[in-house]
Amino acid sequence: MKINGVNHSNIHPYKKAQEMARLNQGAARRDQIEISPEAKQLLQKSHITDERQAKIDEIKAKVDAGQYKVDPQKTAEKFYEFWKGRS
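Residues numbered from 1 in each chain as written. Predicted model: local features only at pLDDT ≥ 70, side-chain atom pairs only at ≥ 80, totals over all residues. Heavy atoms only, no water.

**Description of the overall build of the protein**
Across its full length, the protein holds five helices and zero strands. Within the protein, the proportion of its 87 residues that are buried is 0%. Counting only carbon and sulfur atoms, one obtains 54% of the accessible surface of the protein, whose full area is about 9,500 Å². (Helix = DSSP H or I, 4+ residues; strand = E, 2+ residues; numbered from the N terminus. Buried < 20%, exposed > 50% of the residue type's maximum accessible area, 1.4 Å probe, protein only. Areas by Shrake-Rupley, 256 points an atom, 1.4 Å probe, with all protein chains shown as cover.)

**Section: the pattern of salt bridges**
Following the criterion strictly, the structure yields one salt bridge and no others. The closest approach of N and O atoms between Glu58 and Lys62, which form a salt bridge, is 3.7 Å. Of this pair, Glu58 and Lys62 both sit in helix 4 (residues 47-65), four residues apart, which is roughly one turn of the helix. Accessibility expressed as a relative area gives 45% for Glu58, which makes it partly exposed. Of the residues examined, Lys62 reaches a relative accessible area of 35% and is grouped as partly exposed. (Salt bridge = Lys/Arg side-chain N within 4 Å of Asp/Glu carboxyl O.)

**Topic: the packing of aromatic side chains**
To describe a pair of aromatic rings, one takes the distance between the centres and the angle between the planes. Applying the stated rule across the entire model yields one aromatic pair. When the centroid spacing of 5.0 Å and the interplanar angle of 80 degrees are considered together, the rings of Phe82 and Trp83 count as edge-to-face. A residue is classified by how much of its surface remains accessible, and Phe82, at 41% relative accessible area, is partly exposed. (Phe/Tyr/Trp six-rings, centres within 6.5 Å; stacked < 30°, edge-to-face > 60°.)

**Considerations on a nonpolar patch on the surface**
A grouping of Ile59, Val63, Tyr68 and Val70 is seen on the molecular surface, where their side chains present a nonpolar patch of about 350 Å² in accessible area. Take Ile59: it is sitting in helix 4. (Patch = residues over 30% accessible without salt bridge, like charges linked within 9 Å, V, L, I, M, F, W, Y side chains within 5 Å.)

**Considerations on the confidence of the model for the protein**
Taken residue by residue, the protein gives an average pLDDT of 81. The fraction at 70 or more is 75%. Within the protein, helix 5 (residues 72-86) carries the highest mean pLDDT (92), whereas helix 1 (residues 8-11) carries the lowest (56). (pLDDT = per-residue confidence, 0-100.)

**Concerning helix 4**
Relative to the 27 Å expected for 19 residues at 1.5 Å per residue, helix 4 spans 27 Å between its end C-alpha atoms, a close match to the ideal helical length. Gly66, located one to two residues past helix 4, shows a positive phi value of around 80 degrees. (Expected span 1.5 Å × (residues − 1).)

The following block contains the structure:
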């Protein structure tokens, strides 16, 4: 019966990756990213965002001036409508 020696490729599982990295070292590639036109469009500010920001600024000004009052009845109704629609 013949017993072969240890298979060295199994001992060094990263050997092939190291060899490939060494070979590609001269031809270093740079990562690139491309953003689709649809994604670019989504990144742009929309008029809805501007309107929302204007409303937020208005509410902040009222809160800072002490003029903003919360109607607990209306708040409760909105919560109820939300949870009722979820059922």
